[in-house]
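The residues making up each chain are set out below.
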Amino acid sequence: MTTALATDRPRTAPAAPPLQIAIEGMTCASCVRRVEKALAAAPGVASASVNLATGRADVSFAGPADVPAAVAAIESAGYAAREETAELTVEGMSCASCVGRIEKALKGVPGVTAASANLATGRASVRFVAGAVPPGALERAVAAAGYAARRPAAQDEPDREQQARAAELNGLERSLVLAAVLTLPIFAVEMSAHLVPAFHHWLAMTAGPWNWYAQLVLSTIVLFGPGLRFFRAGIPALLRGAPDMNALVAIGAGAAWAFSLVATLAPGALPAGTANVYYEAAAVIVTLILLGRTLEARAKGRTSEAIRKLAGLRPRTARVQRDGQSLELPIGEVAVGDLVLVRPGETIAVDGEVVEGASTVDEAMLTGEPLPVAKSIGAAVVGGTLNRTGSFTFRATGVGAETVLARIIRMVETAQGAKLPIQALVDKVTMWFVPAVIAAAALTFATWLAFGPSPALSFALVNAVAVLIIACPCAMGLATPTSIMVATGRAAAMGVLLRKGDALQTLREAGIVAFDKTGTLTAGRPELTDLVAAEGFAEDAVLGLAAAVEARSEHPLAEAILRAAARRGAAAASVDQFEAVPGHGAAGLVDGRRVAVGADRYMRRLGIDVAPFAAEAARLGGDGKSPLYVAVDGRLAAILAVADPIKPGAPTAIAALRALGLEVAMVTGDNRRTAEAIARRLGIGTVEAEVLPEGKVEAVRRLAAGGRRVAFVGDGINDAPALAAADVGIAIGTGTDIAIESADVVLMSGELAGVANAVALSHAAMRNIHQNLFWAFAYNAALIPVAAGVLYPVDGMLLSPMLAAGAMALSSVFVVANALRLNRFRATA
């Protein structure tokens, strides 16, 4: 029967998890669009999103991941998928057949392009598409083949992405220096000749044609040396009918150089009076754009600063106790279950649980909280945090990719690679922008050639080149992703983890923030808040008697009384003749005295009048607290109150949210009287009380009536349905227990101030993105007509191609620099 049913089911291959592929060669927003279009058309690809700032493509597949097809699509668009090499130490290889099995297993991992195992060294070398192989996939593939593999000294390997960025920056700097050195003589000669007529006359008489020949040699080296990158990428893109920024530079600088070449070597082929040279324009264009690229690369490198800081928290070695010996091991060799010793001032290597000793630990880099946290036996510790005072030993519970720090880094990287809804507008514009610019340049050339003053050909060439150069869409492509990268990094530094980058925009649009009560607005466990003794009784003595009785009770309120007695040092004596009355209270004989603790109905049952505390009971009830009474030997001894106390930071956080213009609501399963009392104390106007966990989803939908965006804040466990149903789910978590699956935002420290900080940061980030987009679009809208020469009939103004190149470079640098201002964002609560 089971076999038949299995046969009848449709056999559809499960969808593979999304892959991140690092791409080389993208320079502007039009590149992004072309890669996305090529990937979307690749077999098996369900969706693709490309990020210019990170240089990565997020690719989702409808079935099994076909990485070769995705790589081929990227290459067909004129770009390259970056590859990386990993070295694995393999245990268990004993013969050549072992080598074959391991190589076959590794080659079967999606994204792996080559694998080679070496029996003599016990190692395997694997080449794979950067970003396409999830952490641990290679090791798991080897394990499935029956062997064990690990990456040797993984923590000593440099950060490959940072290494790639550094190599790119070094290459740009070398190209820039060479181009500048060769361009400077051309620029100096031409500018001096324009500014000083006597120098121009002397140069013509002295150097003659050799001046142009010298400029030809120097500019040729600039264009086809440092500037060759523009032609290598731009010309193929142009031939494919998909021009990009490199094509604009190649056409512009190439046209100026080619025209000058003809004027130098065959001036008779040009119309009379047009044999002028523009070598300086071609060389300066390349030099200035290289300068812009260099400055942009430096600035873009700073956008990943948060990731580098988080990665830098990981120590390189750990002191592990094995077989009675203390060994200093590379961090990659620490295994789950190892006992790790930590001394004062050392960084904790991996996640674990303290088994011996005590200390205080600085968790600020993970949670944003500046105060060290006390750790003793049984406490959880997180890898990357800093031990302060004492020494302790802990048992490793999470290593490698399974540590909290590794998960945080993955979350931040994922959020930084996200694409906001607002980016859709940019994508639509950039899709046709570069072809439109080429058309505008062609129209400019034709117009000046037909209607321009003499020499018309020279005017036509210069203005067309200026249009091509000034309109490069780099700033458009960088406007959104750079702001996302900096904002998510800044949020992580404040203990706010954005699991999804689009939460930045959704939080900005939220009109109401709904909080769960227990464990979110309140501490999550009852505490003794009030104790008033009757005349003739001492508070501590009554508390000790009540604690003695409650020590035998299993009621949750009993724990609050016991904790309070322990804090006050009120001794709890032994109890005899204990009796518990469910729903009423408990009683017993303590040191020969009959002690009863319970609600007012229990006191009435015992014949004890609670009227002397009527006013106090009404006040406590109005504050949402649960009043209890203590009777000793038949006399009313005290009234006490137990409540789930409000978290210290809750009032400030609520006030900060209201100051940001948001409405605040509470959704709780507690009784309405208690919920409304808490709401009054916090200034919350809307209360959804007595709601079951499954009913919280409906409560969120009611709050969203009228099209409002709702952010829901909960502990991420019993609030998971509401977190998922809200427009933005914000989970209250800690460094070792993060509810990440159902939330868009995770507050590492558990402090509610993080909610207001997240909202305020989203406002700042969206303002920053709007500023970037305005600059990028306004810059092009304003300067393309100027470059085309529309002001020439008015005041004779023309925009030099050299100035156009400088302005274009400045626009990209401005956008990235503006995004970096988000690093200065400060907490609001």
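Everything numeric in this text was worked out from a predicted model, so none of it was measured.

Conventions adopted
Residues numbered from 1 in each chain as written. Predicted model: local features only at pLDDT ≥ 70, side-chain atom pairs only at ≥ 80, totals over all residues. Heavy atoms only, no water. Axes fitted to C-alpha atoms, helices over the stretch in contact; angles between N-to-C directions. Helix = DSSP H or I, 4+ residues; strand = E, 2+ residues; numbered from the N terminus. Parallel < 35°, antiparallel > 145°, perpendicular 65-115°, else oblique. Left-handed = near helix turned anticlockwise from the far one by under 90°. Contact = heavy atoms within 4.5 Å. Nonpolar A, V, L, I, M, F, W, Y, C, P; charged D, E, K, R; others polar. Pairing = 2+ DSSP bridges. Salt bridge = Lys/Arg side-chain N within 4 Å of Asp/Glu carboxyl O. Buried < 20%, exposed > 50% of the residue type's maximum accessible area, 1.4 Å probe, protein only. pLDDT = per-residue confidence, 0-100. Patch = residues over 30% accessible without salt bridge, like charges linked within 9 Å, V, L, I, M, F, W, Y side chains within 5 Å. Areas by Shrake-Rupley, 256 points an atom, 1.4 Å probe, with all protein chains shown as cover. Lys, Arg positive; Asp, Glu negative; His and termini not counted. Charge placed at Lys NZ, Arg CZ, Asp CG, Glu CD. Expected span 1.5 Å × (residues − 1). Arc of directions from axis to C-beta.

**Thoughts on the packing of helix α24 (residues 650–659) against helix α28 (residues 753–788)**
Now for step 1: Interaxial distance between α24 and α28 falls to 8 Å at its minimum, and their mutual angle equals 20 degrees. If you check the angle between α24 and α28, you find them roughly parallel. Seen from above, α24 lies across α28 with left-handed handedness. Contacts from Ala 653, Ala 656 and Leu 657 in α24 reach Ala 753, Val 755, Ala 756 and Val 759 in α28.
Now for step 2: A class-by-class count of the residues in the contact of α24 with α28 yields seven nonpolar, no polar and no charged.

**What to know about the pairing of strand β3 (residues 56–61)**
As a general feature of sheets, a regular strand has side chains that alternate between the two faces.
Now for step 1: As defined by bridge partners, strand β1 (residues 19–24) adjoins β3 across four bridges and the pair is classed as antiparallel. Bridging across to β3, Gln 20 finds its partner in Asp 58.
Now for step 2: Where strand β2 (residues 45–51) lies against β3, six bridges are found, and the strand directions are antiparallel. Considered in β3, the bridge of Ser 49 is made with Asp 58.
Now for step 3: Hairpin connection, β2 to β3: the antiparallel pair is bridged by four residues, and Gly 55 has positive phi, about 65 degrees.

**As for the pattern of salt bridges**
Now for step 1: Under the criterion given, the structure shown has 24 salt bridges.
Now for step 2: With a shortest N-O distance of 3.5 Å, Asp 530 and Arg 619 are connected by a salt bridge. You can see Asp 530 sitting in strand β20 (residues 527–533) and its partner Arg 619 sitting in helix α23 (residues 614–622), a full 89 residues away along the chain.
Now for step 3: Close ionic contact of Arg 702 with Glu 688 constitutes a salt bridge, the shortest N to O distance being 2.8 Å. Of this pair, Arg 702 sits in helix α26 (residues 696–703) while Glu 688 sits in strand β27 (residues 686–688), and the two are 14 residues apart along the sequence.
Now for step 4: Since its relative accessible area comes to 44%, Arg 702 is described here as partly exposed.
Now for step 5: Here Glu 688 falls in the buried class, since its relative accessible area comes to 17%.
Now for step 6: Here the salt bridges share partners, and the residues they tie into one network are Arg 319, Glu 328, Arg 343 and Glu 346.

**What about the confidence of the model for the protein?**
Note: predicted coordinates in regions of low pLDDT should not be interpreted at a detailed level.
Now for step 1: Scored by pLDDT, the protein has a mean of 80; 83% of the residues are at 70 or more.
Now for step 2: Low pLDDT (under 50) marks residues 1–13, which in the prediction has three contacts with non-local residues, meaning those over four places away or in another chain.

**Focus: a positive patch on the surface**
Now for step 1: Residues Arg 508, Arg 767, Arg 821, Arg 824 and Arg 826 make up a contiguous surface patch of positive charge.
Now for step 2: With respect to the secondary-structure elements, Arg 824 resides in the segment after α30 (801–820).
Now for step 3: Overall, Arg 824 belongs to the exposed group, its relative accessible area being 58%.

**Re helix α8 (residues 210–224)**
Count 3.6 residues to each turn of an α-helix, and residues three or four apart come out pointing the same way.
Now for step 1: Between its terminal C-alpha atoms α8 stretches 21 Å, which fits the 21 Å expected from 15 residues at 1.5 Å a residue.
Now for step 2: Buried residues of α8: Asn 211, Gln 215, Leu 216, Ser 219, Val 222 and Leu 223, and no others. Each buried residue of α8 lies within a common arc of 135 degrees when the element is viewed along its axis, so the set occupies one face.

**Description of the sheet that holds strand β23 (residues 593–598)**
Each strand in a sheet pairs with its neighbour through backbone hydrogen bonds, running either in the same direction (parallel) or in the opposite one (antiparallel).
Now for step 1: Pairing within the open sheet is antiparallel, and its six strands lie in the order β20-β25-β24-β23-β22-β21. Either end of the sheet is taken by a strand with one partner, and the two such strands are β20 and β21 (575–581). Pairs of neighbouring strands in the sheet enclose a mean axial angle of 20 degrees, with direction left out of account.
Now for step 2: In terms of strand pairing, β21 meets strand β22 (residues 585–590) through five bridges, oriented antiparallel. Bridge assignment links Glu 579 to a residue of β22, and that residue is Ala 587.
Now for step 3: Across the sheet, α23 lies against β20, β24 (626–632) and β25 (635–643), angled at about 10 degrees from β25, the strand it touches most.

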